[in-house]
Amino acid sequence: MGYFLFFLLAFLCVGSVVAMIIIRDQAYNALLLVLAFAAMGGLFGLLDAPFIAVVQIIIYAGAILVLFIFVIMMINLRRGLPPEKKKWTLYLSLALAVILVVELALSIKGAFSVFESASLEKMGSPTELGRLLFTKYLYPFEITSILIIAALVGAIVLVKKREKE
Amino acid sequence: MIPLSYFLGLSIVLFVLGAVAFFVKKDLITMFMSIEIMFNAGNLAFITLARAANSLDGQVIVFFIITVAAAEAAVGLAIILLIFRQKKTIKSEDMRLMKG
């Protein structure tokens, strides 16, 4: 059952990202991204991180993607983008992608064997995570809230239309 | 229990797919989306390693990454909107000047 869920979610994730590379329409890309992020939330749940799974679905698949779709609606390119002409960049980037996969896999190959022997015990309840967040990581938590306020005020000031001009 | 190396392999594949999407795509919004995919692949690796180490600290870090990514998405999309208002295009090839 666990294996079935993992492969289903992994297939959804990889498939929607590949479809995102192929399809050129931005609105479809945003919807595929919602699918990929929701599947990623399921994977976090499989890894005993239920709180992070919920945060992933609410913030990423909910809030951030709604922002993306808003901006796509505001920009509203009527004709869509013209097709790309240079094909060689595609092949070059695919070759470089294969090289990058091999390189990353080689670099963490030693870590794989360590994981198999690791003893796994039950962990990751939201209670423990919340306790950690408000004791050990209290200062980062508060600083993050200030950062979010600054970023949101900055975004509003940036996009606001000037009255003169 | 699924071997944790499967999750790490999936995170590698997703990261590289995000990088490919970033270089293949031409419009700024889709490039920005592929940056989010790379963020998520990194988050998956963090959570896998936290699981392997039996530690909750990795999950806390992922929580911070997600919140900061939300702030970053707001600012980035505002900048993309400004670029579109000024230049009437969001193709990355059309942005050649540092000065607006």
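Residues numbered from 1 in each chain as written. Chains lettered and ligands numbered in written order. Predicted model: local features only at pLDDT ≥ 70, side-chain atom pairs only at ≥ 80, totals over all residues. Heavy atoms only, no water.

Student: Would you take a moment to explain the overall build of chain B for this structure?
Tutor: A count of helices and strands for chain B gives three helices and zero strands. Starting at the N terminus and ending at the C terminus, chain B contains elements arranged as α-α-α. Computed over the C-alpha atoms, the radius of gyration of chain B is 17 Å, more than 25% above the 13 Å expected from 2.2 N^0.38 for a compact globule of 100 residues. With the C-alpha coordinates of chain B rotated into their principal frame, the extents come out at 50 × 25 × 20 Å. Within chain B, the fraction of its 100 residues that count as buried is 63%. In chain B, the share of contacts with a sequence separation of at least 24, taken over all contacts with a separation of at least 6, comes to 58%. Counting only carbon and sulfur atoms, one obtains 70% of the accessible surface of chain B, whose full area is about 3,800 Å². Considering chain B, the positive charge centre built from 9 side chains and the negative charge centre built from 6 side chains are found 9 Å apart. (Helix = DSSP H or I, 4+ residues; strand = E, 2+ residues; numbered from the N terminus. Rg over C-alpha atoms; globule rule 2.2 N^0.38 Å. Buried < 20%, exposed > 50% of the residue type's maximum accessible area, 1.4 Å probe, protein only. Contact = heavy atoms within 4.5 Å. Areas by Shrake-Rupley, 256 points an atom, 1.4 Å probe, with all protein chains shown as cover. Lys, Arg positive; Asp, Glu negative; His and termini not counted. Charge placed at Lys NZ, Arg CZ, Asp CG, Glu CD.)

Student: Please explain the interface of chain B and chain A as it appears in this structure.
Tutor: Accessible area lost when the parts come together is the quantity often used to give the size of an interface. The interface of chain B with chain A comprises 68 residues on the first partner and 78 residues on the second. When chain B packs against chain A, close to 7,000 Å² is buried across both sides, 82% of that on carbon and sulfur atoms. Across the contact surface, chain B and chain A share two salt bridges. Linking aspartate 57 of chain B and lysine 136 of chain A is a salt bridge whose minimum nitrogen-to-oxygen distance equals 3.5 Å. Counting every contact that joins chain B to chain A gives 11 residue pairs in polar contact (both at pLDDT 80 or more). (Buried area = accessible area lost by both parts, 1.4 Å probe. Salt bridge = Lys/Arg side-chain N within 4 Å of Asp/Glu carboxyl O. Polar contact = N/O pair within 3.5 Å; in protein donor to acceptor, adjacent residues only side chain to side chain.)

Student: Would you explain a nonpolar patch on the surface in this entry?
Tutor: Residues and elements named next belong to chain A. Together, Val18, Ile22, Ile23, Tyr28, Leu31, Val66, Ile69, Phe70 and Met73 make up an exposed nonpolar region whose accessible area comes to about 850 Å². Among the elements that take part in the nonpolar patch, helix H3 (residues 50-75) stands out by supplying four residues, more than any other. Inspection of the secondary structure puts leucine 31 in helix H2 (residues 26-46). (Patch = residues over 30% accessible without salt bridge, like charges linked within 9 Å, V, L, I, M, F, W, Y side chains within 5 Å.)

Student: In this structure, what is going on with the packing of helix H6 (residues 126-135) of chain A against helix H3 (residues 57-87) of chain B? I would like to understand it.
Tutor: How two helices pack is summed up by the angle between their axes together with the distance between the axes. Put simply, H6 of chain A and H3 of chain B touch, their axes get as near as 10 Å, and they point 70° apart. The orientation of H6 of chain A relative to H3 of chain B falls into the category roughly perpendicular. Of the residues in H3 of chain B, those touching H6 of chain A at Leu129, Leu132 and Leu133 of chain A are Asp57, Gln59, Val60, Phe63 and Phe64 of chain B. Of the residues contributing to the contact of H6 of chain A with H3 of chain B, the split by class is six nonpolar, one polar and one charged. (Axes fitted to C-alpha atoms, helices over the stretch in contact; angles between N-to-C directions. Parallel < 35°, antiparallel > 145°, perpendicular 65-115°, else oblique. Nonpolar A, V, L, I, M, F, W, Y, C, P; charged D, E, K, R; others polar.)

Student: How should the pattern of salt bridges be read in this particular structure?
Tutor: Any two side chains of opposite charge can pair if their charged atoms end up close together. One pass over the full model with this rule turns up two salt bridges over all chains. Taking the shortest distance from any N to any O, the salt bridge between aspartate 48 of chain A and arginine 51 of chain B comes out at 3.0 Å. Within this pair, whereas aspartate 48 of chain A is found in the loop between H2 and H3, its partner arginine 51 of chain B is found in helix H2 (residues 28-52), the two belonging to separate chains. The exposure class assigned to arginine 51 of chain B is buried, which follows from its relative accessible area of 3%.

Student: Even after reading the chapter, I still don't get unusual backbone geometry, so can you show me in this structure?
Tutor: In most cases, non-glycine residues show a negative phi, while peptide bonds are predominantly trans. Look at aspartate 48 of chain A: it is not a glycine, yet its phi comes out positive at around 60°. Since its relative accessible area comes to 15%, aspartate 48 of chain A is described here as buried. In this structure, asparagine 54 of chain B is a non-glycine residue whose phi angle is positive, near 55°. Mapped onto the fold, asparagine 54 of chain B is located in the loop between H2 and H3. Judged by relative accessible area, which is 24%, asparagine 54 of chain B ranks as partly exposed.

Student: I would appreciate a short explanation of the packing of aromatic side chains in the present structure.
Tutor: The description of two aromatic rings rests on the distance between their centres and on the angle between their planes. For the coordinates displayed, the defined rule picks out 13 aromatic pairs over all chains. Taking the centre distance of 5.6 Å and the plane angle of 50° together, the rings of phenylalanine 68 of chain A and phenylalanine 32 of chain B count as tilted. Highlighted residues: phenylalanine 68 of chain A in helix H3 and phenylalanine 32 of chain B in helix H2, drawn from two different chains. Three or more aromatic residues link up through ring pairs in this structure, and these residues are Phe51, Phe134, Tyr137 and Phe141 of chain A together with Phe63 and Phe64 of chain B. Taking NZ or CZ as reference, lysine 88 of chain B lies 5.8 Å from the ring centre of phenylalanine 84 of chain B, over its face. (Phe/Tyr/Trp six-rings, centres within 6.5 Å; stacked < 30°, edge-to-face > 60°. Lys NZ or Arg CZ within 6 Å of the ring centre and 35° of its normal.)

Student: I would appreciate a short explanation of H3 of chain A in the present structure.
Tutor: Residue pairs three or four apart in sequence face the same way in an α-helix, which turns once every 3.6 residues. Counted at 1.5 Å a residue, the expected span for H3 of chain A with its 26 residues is 38 Å, and the 36 Å between its end C-alpha atoms agrees. Following H3 of chain A by one or two positions, asparagine 76 of chain A has its phi on the positive side, about 50°. (Expected span 1.5 Å × (residues − 1).)

Student: Can you help me understand the packing of helix H1 (residues 2-22) of chain A against helix H1 (residues 4-24) of chain B in this one?
Tutor: As a packed pair, H1 of chain A and H1 of chain B sit with axes 9 Å apart at the nearest point and diverge in direction by 10°. Relative to H1 of chain B, the element H1 of chain A is oriented roughly parallel. Between H1 of chain A and H1 of chain B, the residues in contact are Tyr3, Phe6, Phe7, Ala10, Cys13, Val14, Val17, Val18 and Ile21 of chain A and Tyr6, Phe7, Leu10, Val13, Leu14, Leu17, Val20 and Ala21 of chain B, respectively. Residue composition of the contact of H1 of chain A with H1 of chain B, by class: 17 nonpolar, no polar and no charged.

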